[in-house]
Amino acid sequence: MKRPDQTWKESGVSETVGFIIIFGIMMAGIGLVALYGYPALLNSQEEANIRNMERNMISLQSDVNALVYKSVPYKETTMQVSGGVLSVKKPDSASSYFIISDDSGSLIDEGLFSEGKFPPGELHFLSDSGDRSIGLENGAVVYEQSGGSVMLSEPRWFIASDPISGEKTLIITLVQVDIDPSASVTATSGISTVQMSIEPKPIDGVSNSNIIDKPVDPNKFVTIEIYRENKYYTAWKNYFEYTLNMEPDGISKFKIDGIDRVIIRAWKITILNL
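Residues numbered from 1 in each chain as written. Predicted model: local features only at pLDDT ≥ 70, side-chain atom pairs only at ≥ 80, totals over all residues. Heavy atoms only, no water.

Trainee: Mind showing me how you'd approach a nonpolar patch on the surface here?
Mentor: A contiguous nonpolar surface patch, about 200 Å² in accessible area, is contributed by Ile 58, Val 150 and Leu 152. Locating Leu 152 in the fold gives a position in strand 7 (residues 148-153). (Patch = residues over 30% accessible without salt bridge, like charges linked within 9 Å, V, L, I, M, F, W, Y side chains within 5 Å. Areas by Shrake-Rupley, 256 points an atom, 1.4 Å probe, with all protein chains shown as cover. Salt bridge = Lys/Arg side-chain N within 4 Å of Asp/Glu carboxyl O. Helix = DSSP H or I, 4+ residues; strand = E, 2+ residues; numbered from the N terminus.)

Below, the structure is given as structure tokens:
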């Protein structure tokens with residue numbers, strides 16, 4: 001038969017053991033949440049921010065298209081920029097350029113652009129983690145992560161065929177993005193209002209025109225070259241090869257024959273404010 005004091009001691013031990021077990025379960029649960037749940041929550045939020053900025057960039061691309069193709073002089077869009085910073089990269093042929101040429105040489109006047117290199121500039125979003133970026137470059141929305149890139153929305157470049165003669169015309173619209181020198185904000189996060197205006201960008205030094213319209217020999221190649229170190233190189237490469245059906249010509253050049261005429265239009269989009 002147990003003594004009364006022995007029963008009391010066993011009851012105390014039982015409560016202590018129970019508390020330790022429950023406390024251990026609670027701490028293990030908190031540890032699992034901290035180890036797996038919180039990072040997953042942060043990753044989910046980052047993915048949501050990226051998806052939001054993809055939609056924002058495509059919306060801005062629509063604004064650019066309205067400026068370029070519908071003769072709208074000014075557009076502005078208010079958006080939420082979260083999970084990173086939206087900024088403007090000024091045109092610089094040392095970081096990105098496009099060269100368009102035929103058998104006679106560059107189609108873009110080399111007096112206006114050194115070696116015929118057209119620098120597009122970029123409206124650029126960089127995530128807080130620093131490993132993802134989304135750009136509006138030369139009329140296309142492009143996405144880059146860990147050295148790879150894809151095109152989220154294509155530019156309005158196309159090959160038109162005359163239904164009667166069968167002649168093919170390659171139509172290219174070059175879009176340069178730059179920041180207004182008087183802009184009060186050049187990089188932003190949070191609520192942002194992107195204000196844009198448009199003006200022709202001369203690419204023909206002879207006529208001082210933003211339009212080049214030239215017949216070409218269909219038996220010869222029209223070539224487009226992109227800077228190999230452009231972070232969106234893979235996206236543009238796939239676009240040239242699989243959408244425009246161009247052939248690789250070395251590493252950074254892509255060529256196509258059977259073209260009878262090339263039309264190039266160039267515009268400058270000025271970001272007035274962010």
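Moving on from the model shown.
Trainee: Where do I start with the sheet that holds strand 12 (residues 222-226) in this structure?
Mentor: By definition, the strands of a sheet pair up through backbone hydrogen bonds, in either a parallel or an antiparallel sense. The sheet built from five strands is open, its strands ordered 3-2-12-14-13 with antiparallel pairing. Two strands bound the open sheet, and with one partner strand each, they are strand 3 (105-106) and strand 13 (247-249). In the sheet, strand 2 (residues 98-102) pairs with strand 12 via four bridges, with the strands oriented antiparallel. The residue of strand 12 that forms the bridge with Phe 98 is Ile 226. (Pairing = 2+ DSSP bridges.)

Trainee: Any chance you could explain the environment of Val 206 here in plain terms?
Mentor: Within the secondary structure, Val 206 sits in the loop between strand 10 (187-200) and strand 11 (211-215). For Val 206, a relative accessible area of 79% puts it in the exposed group. Taking C-alpha positions, Val 206 is 9.4 Å from Gly 111, a pair spaced 95 residues apart along the chain. (Buried < 20%, exposed > 50% of the residue type's maximum accessible area, 1.4 Å probe, protein only.)

Trainee: Would you explain the nonpolar core in this entry?
Mentor: Considering soluble globular proteins, one finds that nonpolar side chains tend to be buried as a cluster. Within the largest apolar cluster, 33 residues are counted, with the highest numbers of intra-cluster contacts made by Trp 157, Leu 174, Trp 236 and Phe 240. At the level of elements, strand 2, strand 6 (140-145), strand 9 (168-179), strand 12, helix 2 (233-243), strand 14 (253-256) and strand 15 (261-273) are the ones that each hand at least two residues to this core. Of the residues forming this core, the biggest block, five residues, is contributed by helix 2. For Phe 240, the residues in contact, after removing those within four places along its chain, are Phe 98, Trp 157, Ile 224, Ile 226, Asn 245, Met 246 and Phe 254. Val 64, Leu 67, Met 196 and Ile 198 belong to the second-largest nonpolar core, a separate cluster that totals 28 residues. (Core = buried A, V, L, I, M, F, W, Y, C linked by side-chain atoms within 4.5 Å. Contact = heavy atoms within 4.5 Å.)

Trainee: How should the side chain of Asp 204 be read in this particular structure?
Mentor: Position of Asp 204 among the secondary structure elements: in the loop between strand 10 and strand 11. Buried within the structure, Asp 204 lacks any salt-bridge partner; its nearest side chain of opposite charge belongs to Lys 214, at an N-O separation of 10 Å. A polar contact is formed between the side chain of Asp 204 and the side chain of Ser 207, at a distance of 3.0 Å. Beyond its immediate chain neighbours, meaning those up to four positions away, Asp 204 contacts Asp 109, Leu 112, Ser 209, Ile 211 and Ile 212. (Lys, Arg positive; Asp, Glu negative; His and termini not counted. Polar contact = N/O pair within 3.5 Å; in protein donor to acceptor, adjacent residues only side chain to side chain.)

Trainee: Help me understand unusual backbone geometry, please; the structure alone is not making it clear to me.
Mentor: Even without glycine at this site, Asn 138 takes up a positive phi of about 55°. In this structure, Asn 208 is a non-glycine residue whose phi angle is positive, near 55°. Within the secondary structure, Asn 208 sits in the loop between strand 10 and strand 11.

Trainee: Looking at this structure, I do not really get the packing of aromatic side chains. What am I missing?
Mentor: Each aromatic ring pair is specified by the distance between its two centres and by the angle formed by the two planes. Taken as a whole and assessed by the stated rule, the structure comprises eleven aromatic pairs. Ring geometry for Tyr 239 versus Phe 240: centroids 6.0 Å apart, planes at 55°, classification tilted. The exposure class of Phe 240 is buried, given its relative accessible area of 0%. Aromatic side chains Phe 240 and Phe 254 sit 5.3 Å apart centroid to centroid with 45° between the ring planes, which places their arrangement in the tilted category. Here Phe 240, found in helix 2, pairs with Phe 254, found in strand 14; they are 14 residues apart in sequence, far enough to count as distant. Taking the relative accessible area as the measure of exposure, Phe 254 reaches 0% and is therefore buried. Through successive ring pairs, a cluster of aromatic residues spans Phe 98, Trp 157, Trp 236, Tyr 239, Phe 240 and Phe 254. Sitting above the plane of the Tyr 233 ring, Arg 228 keeps its charged end 4.2 Å from the centroid. The ring of Phe 221 carries Lys 255 above its face, with NZ or CZ at 4.4 Å from the centroid. (Phe/Tyr/Trp six-rings, centres within 6.5 Å; stacked < 30°, edge-to-face > 60°. Lys NZ or Arg CZ within 6 Å of the ring centre and 35° of its normal.)

Nothing here speaks to function; it is all geometry.
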